[in-house]
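Secondary and tertiary structure notes
Okay, here's what each chain looks like letter by letter:
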Amino acid sequence: MVPTAVSQIIEALGKAFFGVIGAAVLKSFGFSVGIQAAGACGGVLLGTVFGFLYLYIKLKIYGNPVNDGCKNNSLPDGYVKKIICLALPIIIGSLITQISGLVDVLTVQRGISEMIESDPEGILSFYPGLLDGLLGRGSEDIPAYLYGCFRGFATPIYALVPNLTAVIGVGLVPVVTGFWETGEREKLNVTLHSVIKFTSIVVLPAAAGIFALGPQILELIYSSKPFGAQIASQQLRILSLCAVFAGFSVPFTAVLQAVGKERIPVINMIIGVALKLILNVFLVRNTFFNVNGAAIGTTVCYLYIFVADLVGIVKVAGFVPDVMNEFLKPAISAAATGGAGYLCYKSLCNVFSSKLSTVIAILIAVLVYAVFVFCFKIILPKEIIKRSDRNG
């Protein structure tokens, strides 16, 4: 494990060093911001290349310790093709949380531009003070500004949820694969129940908190850009629902990959992205929806992926979720959490500053959720003790 760890350190340091150097050098020569960004990306690529070169040189000098003593280190005929056929769907499936962003890049600004051409005053009436928010720039910058509010302010906050559940997916694959290959269906079902339960415990309260306190969270983080945060708050509330579906989709994809059905999540993702593309094209150019249409499209995309992946798991593994304990109880607890956080903020904002009230409201919401989790027995103390013993 030491060589791979060293390789990752080299890669991380290389990305930081060469990325900064690449952007700085191009800036000193007077290139545009876009070219500077390209230079930074080139530096990131160099970091990855140096990480690979370290492993390659290490392998050439010291050989592969796994194959020590083996007379024939070559792979049997056809194995490379099998590895590629297996890896390619998994690689595509790993893009599940990024692929919708590509659709937004291709459609949102173009759709907003077409909307402004057909109804120049509509967007200004929908967002009063929009031109003031542009800080002196003209109406031609409205598409880029609205897209920036969506992708720069709202999207990173909602994306934290699937990034958290990705950790569950990473640890899940070897466990599920082991039970699946050895035919231990009972242990597999227990594992899948645990996955859904713990994913619900993470995803649902996070989404409820984002919905209840989304505008306040944006104001806390982006206090220097209040108008942009105000616009993004509409998309963030829509994306709070998307956070639930995207959060579940990551471990669901891992489960399907672990049982040898890696093509199912890829097909589901392609269909989900197609739905998003259609909705983006028709909704974003509508003044009533405008950039909010992109958030709706993302939510529908992940809703389809969530449902289709869950159906795939049920069919393949013969697994039946416990709706009451794994969905309803966490959902009720999450709703109570969001309500408590919102009411707490409303009560405190008249006494303290908005930022301090937001922080206190979040902390109280976490405590309320913990109480509900144990009152509803979503997590039993024996489960915590059991997991602690395993880790020990």
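Look up a bit, the structure's there.
A few points on the structure. (Residues numbered from 1 in each chain as written. Predicted model: local features only at pLDDT ≥ 70, side-chain atom pairs only at ≥ 80, totals over all residues. Heavy atoms only, no water.)

Structural notes on the overall build of the protein chain
For clarity, the threshold we go by: Secondary structure elements are defined from DSSP: runs of H or I of at least 4 residues count as helices, runs of E of at least 2 residues count as strands, and each element is numbered from the N terminus. Buried residues are those whose accessible area, probed at 1.4 Å on protein chains only, stays under 20% of the maximum for their type, while exposed residues exceed 50% and partly exposed ones sit between those limits. The contact criterion used throughout is that any non-hydrogen atoms of two residues lie within 4.5 Å.
Each helix and strand counted, the protein chain has 14 helices and zero strands in total. Taken across its 392 residues, the protein chain has 39% of its residues classed as buried. The contacts in the protein chain between residues at least 6 apart in sequence include a share of 79% that link residues at least 24 apart.

Brief notes about a nonpolar patch on the surface
The condition is simple: Within this analysis, patches are made of residues with over 30% relative accessible area and no salt bridge. Like charges are joined at 9 Å or less; nonpolar side chains (Val, Leu, Ile, Met, Phe, Trp, Tyr) at 5 Å or less. Where accessible areas are quoted, they stem from the Shrake-Rupley method and a 1.4 Å probe; at the residue level, only the protein chains shown are allowed to cover. Salt bridges are defined as contacts in which a side-chain nitrogen from Lys or Arg sits within 4 Å of a carboxyl oxygen from Asp or Glu.
A cluster of nonpolar residues, Leu45, Leu46, Val49, Phe50, Phe52, Leu53, Tyr56, Ile57, Ile61 and Tyr62, forms a patch on the protein surface that exposes about 1000 Å² of accessible area. Mapped onto the fold, Phe50 is located in helix H2 (residues 33–62). Assessed through its relative accessible area of 37%, Phe50 is described here as partly exposed.

Regarding the pattern of salt bridges
Summed over all chains, the structure comprises five salt bridges. The partner of Lys276 in a salt bridge is Asp104, with the nearest N and O atoms 2.8 Å apart. A residue pair is termed long-range when its members are at least 10 positions apart, and Lys276 in helix H10 (residues 263–283) and Asp104 in helix H4 (residues 99–118) qualify at 172 residues. As far as burial versus exposure is concerned, Lys276 and Asp104 are alike and both buried. Here Glu184 and Lys187 are joined by a salt bridge, their closest N and O atoms 3.2 Å apart. On the basis of relative accessible area, Glu184 is assigned to the partly exposed category, the value being 30%. Here Lys187 falls in the partly exposed class, since its relative accessible area comes to 44%. Sharing partners across several salt bridges, the network here consists of Asp104, Arg151 and Lys276.

Re unusual backbone geometry
Backbone geometry at Asn290 places phi at a positive 40 degrees, although glycine is not the residue there. Topologically, Asn290 is positioned in the loop between H10 and helix H11 (292–317). By relative accessible area, Asn290 is classed as buried at 0%. Here the phi dihedral of Lys377 falls at roughly 55 degrees; this positive angle occurs in a residue that is not glycine. Of the residues examined, Lys377 reaches a relative accessible area of 58% and is grouped as exposed.

Details of the environment of Tyr302
Locating Tyr302 in the fold gives a position in helix H11. Once the C-alpha coordinates of Tyr302 and Val273 are considered, the two residues, 29 residues apart in sequence, prove to be 8.5 Å apart.

Things to note about helix H7 (residues 142–181)
Heads up, the rule is: Between the first and last residue of a helix there are one fewer steps than residues, each counted as 1.5 Å, and that sum is the expected span. Fitting axes to the seven residues that end at a residue and to the seven that start at it, the angle between those axes gives the bend at that residue.
The end-to-end C-alpha distance of H7 is 55 Å, a good match for the 58 Å that 40 residues give at a rise of 1.5 Å each. The largest bend in H7 amounts to roughly 45 degrees and is located at Thr155, with the proline Pro156 lying one to four residues further along. Two residues or fewer past H7, Gly183 is found with a positive phi of approximately 75 degrees.

Some remarks on the packing of aromatic side chains
As a reminder of what qualifies: Pairing of aromatic side chains here covers Phe, Tyr and the six-membered ring of Trp, requires ring centres within 6.5 Å, and sorts the geometry by plane angle: under 30 degrees stacked, over 60 edge-to-face, intermediate tilted.
For the structure shown, the criterion picks out twelve aromatic pairs. Judged by centre distance (4.9 Å) and plane angle (75 degrees), the rings of Phe126 and Tyr127 are edge-to-face. Each ring, one from Phe248 and one from Phe306, has its centre 5.4 Å from the other, and the planes form 50 degrees; the classification is tilted. Taken as a pair, Phe248 in helix H9 (residues 226–258) and Phe306 in helix H11 lie far apart in primary sequence, 58 residues in all. Residue classification places Phe306 among the buried residues on the basis of a relative accessible area of 13%.

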